[in-house]
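Spelled out from the first residue to the last, the chains are:
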Amino acid sequence: MALLKVKFNQKKRVKLAQGLWLMNWFSVFAGILVFSMGLFLKIELRKRSEVMDNSESHFVPNSLILMGILSCAFNGFAGKICYDSLDPAKFAKWKPLLKPYLALCCVFNMLIFFVALICFLMRGSLDSTLAQGLKNGMKFYRDTDTPGRCFMKKTIDMLQIEFKCCGNNGYKDWFEIQWISNRYLDFSSKEVKDRIKSNVDGRYLVDGVPFSCCNPSSPRPCIQYQVTNNSAHYSYDYQTEELNLWRRGCREALLSYYSGMMSSMGAVTLLVWLFEMSVMVGLRLLHTSLESIANPEDPECESEGWVLENSLKDTFKSALENLKKLGKFNQVEAGAEGAEGEEGGKTPAITTVS
């Protein structure tokens, strides 16, 4: 029994073709939307590529851009087919191409669904990328005189100000690295010498943070040096002074920002996928209803359209059988080639008469 079997007359076929033509052009605009989302995400990721460890994060925007381009191409072509289906003479040239085209549409819709899922599942990969990238970026914060790294201080400062964050996981990350350049240290000072000697790696570590970690909403001037030394400041307790510095780490802030963006894009892509699936089902009904017309010379006669010629179970069984037959055929061919090789390797015996 055919799946989603529907009876059509001339009027219904025309309405279906016209409706599909309109839906395909809506799908073209949906493809432009998917392309635009991918482009926007790519630009946003490029802005902060210095604090990202690898290029894996660009897989999502690249996939969205590709799906957007393919959607425009596929739906533009389908719109032309639907328009020509109103004229039997024009539709005749598309008949041989419809089955391969519908097969490509199935593959395309599977890819769209896969890209939508990836938008929701990329959080883990993005988390590790940001963690390592921010860690490296903070190490290079002090290298304002080093070519190729002189921009990193500005990048980190702007990032912390824009996203209201501090450090990788929190402001205490700055205590573990030397973020002050040597050119601004007085090496004749006893304090500086003692701090450098007290560290195994010979780094100048302080319980301080860059100015960009300061919260402008704090009612008192920002305390960015000797942050954990309560006695160094009047009426101060660093454990309760939550407004002094941003408490949230930049990894968490960026992850929340990009994850929210990707989740929204994934939801939109899923809606586009549902719309594309409905267009494909409609195109299949149009294709089968036009092919099943009993008398092509009488376009007003009734016909039947369906999505699958057999039930879903029978179609699945048939597909498995075809795959098994294909596997057996390949085995037979490989066996025949091996036999031919063995026969070719044999040499006739030569006897000599003395």
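Residue positions are given per chain, counted from 1 along the sequence in the order it is written. Local features in this predicted model are restricted to residues of pLDDT 70 or higher, and side-chain atom pairs are both shown and tallied only at a pLDDT of 80 or more, whereas totals for entire chains, interfaces and linings draw on every residue. To obtain the side-chain values, all non-hydrogen atoms of the structure were used and water was disregarded.

**Student:** What's the story with the nonpolar core in this structure? I'm lost.
**Tutor:** Residues belong to one nonpolar core when they are buried, are Ala, Val, Leu, Ile, Met, Phe, Trp, Tyr or Cys, and are joined through side-chain atoms within 4.5 Å. Residue exposure (1.4 Å probe, protein chains only): buried if accessible area is under 20% of the type maximum, exposed if over 50%, otherwise partly exposed. Among the nonpolar cores identified, the biggest contains 77 residues, and Leu-41, Val-60, Tyr-171, Trp-174, Val-209 and Leu-254 are the most heavily contacted of them. Listed by contribution, the elements that provide at least two residues to this core are α1 (10-47), α2 (59-84), α4 (95-121), α5 (123-139), α6 (152-163), α7 (190-197) and α8 (250-291). By the criteria applied, helices consist of DSSP H or I runs no shorter than four residues and strands consist of E runs no shorter than two, each listed in order from the N terminus. Among the elements that take part in this core, α8 stands out by supplying 15 residues, more than any other. Contact between two residues is taken to exist if any of their heavy atoms lie within 4.5 Å; hydrogens are not considered. Excluding residues that lie within four positions of it along the chain, Val-60 makes contacts with Leu-41, Ile-118, Cys-119, Met-122 and Met-262.

**Student:** Please explain a nonpolar patch on the surface as it appears in this structure.
**Tutor:** For patch detection, residues must exceed 30% relative accessible area and be free of salt bridges, and they are connected within 9 Å for like charges or within 5 Å for nonpolar side chains (Val, Leu, Ile, Met, Phe, Trp, Tyr). Computed with a 1.4 Å probe, the accessible areas rest on the Shrake-Rupley method; for each residue, only the protein chains presented here act as cover. Every case where a carboxyl oxygen of Asp or Glu lies within 4 Å of a side-chain nitrogen of Lys or Arg is listed as a salt bridge. On the surface, Trp-21, Leu-22, Trp-25, Phe-26, Phe-29, Ile-32, Tyr-83 and Leu-86 cluster together into a nonpolar patch covering about 830 Å² of accessible area. The biggest single contributor to the nonpolar patch is α1, with six residues. Checked against the element boundaries, Trp-21 lands in helix α1.

**Student:** Is there a simple way to think about empty space enclosed by the protein in this case?
**Tutor:** Rolled over the atoms, a probe as big as a water molecule pinpoints where empty space is left. Both site types are read off a 1 Å grid over the protein atoms alone. A 1.4 Å probe that fits but cannot get out defines a cavity, while an open set with protein on both sides within 12 Å along at least five of seven lines defines a pocket; lining residues have an atom within 4 Å of a point. Grid points are joined across faces, edges and corners, and a volume is the space filled by probe spheres set on the points. The full count for this structure, using the stated rule, is three cavities of 30 Å³ or more. The computed volume of the largest cavity comes to approximately 80 Å³. Lining the largest cavity are Asn-24, Phe-74, Asn-75, Ala-78, Tyr-101, Cys-105, Phe-108, Asn-109, Glu-276, Val-279, Met-280 and Leu-283. Elements that contribute at least two residues to the lining of the largest cavity include exactly α2, α4 and α8.

**Student:** Can you help me understand the state of the cysteines in this one?
**Tutor:** Chemically, a disulfide is nothing more than a covalent bond linking the sulfur atoms of two cysteines. In what follows, a disulfide is any cysteine sulfur pair within 2.5 Å. The tally for this structure, following the rule as stated, stands at three disulfides. Bridging Cys-165 to Cys-250, the disulfide has an S-S length of 2.1 Å. In this structure, the disulfide formed by Cys-165 and Cys-250 twists by about 85° around the S-S bond and is classed as right-handed. You can see Cys-165 sitting in the loop between α6 and α7 and its partner Cys-250 sitting in helix α8, a full 85 residues away along the chain. The exposure class assigned to Cys-165 is buried, which follows from its relative accessible area of 0%. Overall, the relative accessible area of 1% leaves Cys-250 in the buried class. Across a sulfur-sulfur distance of 2.1 Å, Cys-166 and Cys-213 are joined as a disulfide pair. Between Cys-166 and Cys-213, the disulfide has an S-S torsion of 85° and is therefore right-handed. Taken as a pair, Cys-166 in the loop between α6 and α7 and Cys-213 in the loop between α7 and α8 lie far apart in primary sequence, 47 residues in all.

**Student:** Mind showing me how you'd approach the packing of aromatic side chains here?
**Tutor:** Aromatic ring pairs are defined here through the distance separating the ring centres and the angle between the ring planes. Pairing of aromatic rings covers Phe, Tyr and Trp, the last through its six-membered ring, and needs centres within 6.5 Å; plane angles under 30 degrees mean stacked, over 60 mean edge-to-face, and all others mean tilted. Across all of its chains, the model carries 11 aromatic pairs by this definition. Centre to centre, the rings of Tyr-171 and Phe-175 are 5.9 Å apart; their planes meet at 75°, and the pair counts as edge-to-face. Tyr-171 gets classed as buried once you look at its relative accessible area, which sits at 7%. Its relative accessible area of 16% is what places Phe-175 among the buried residues.

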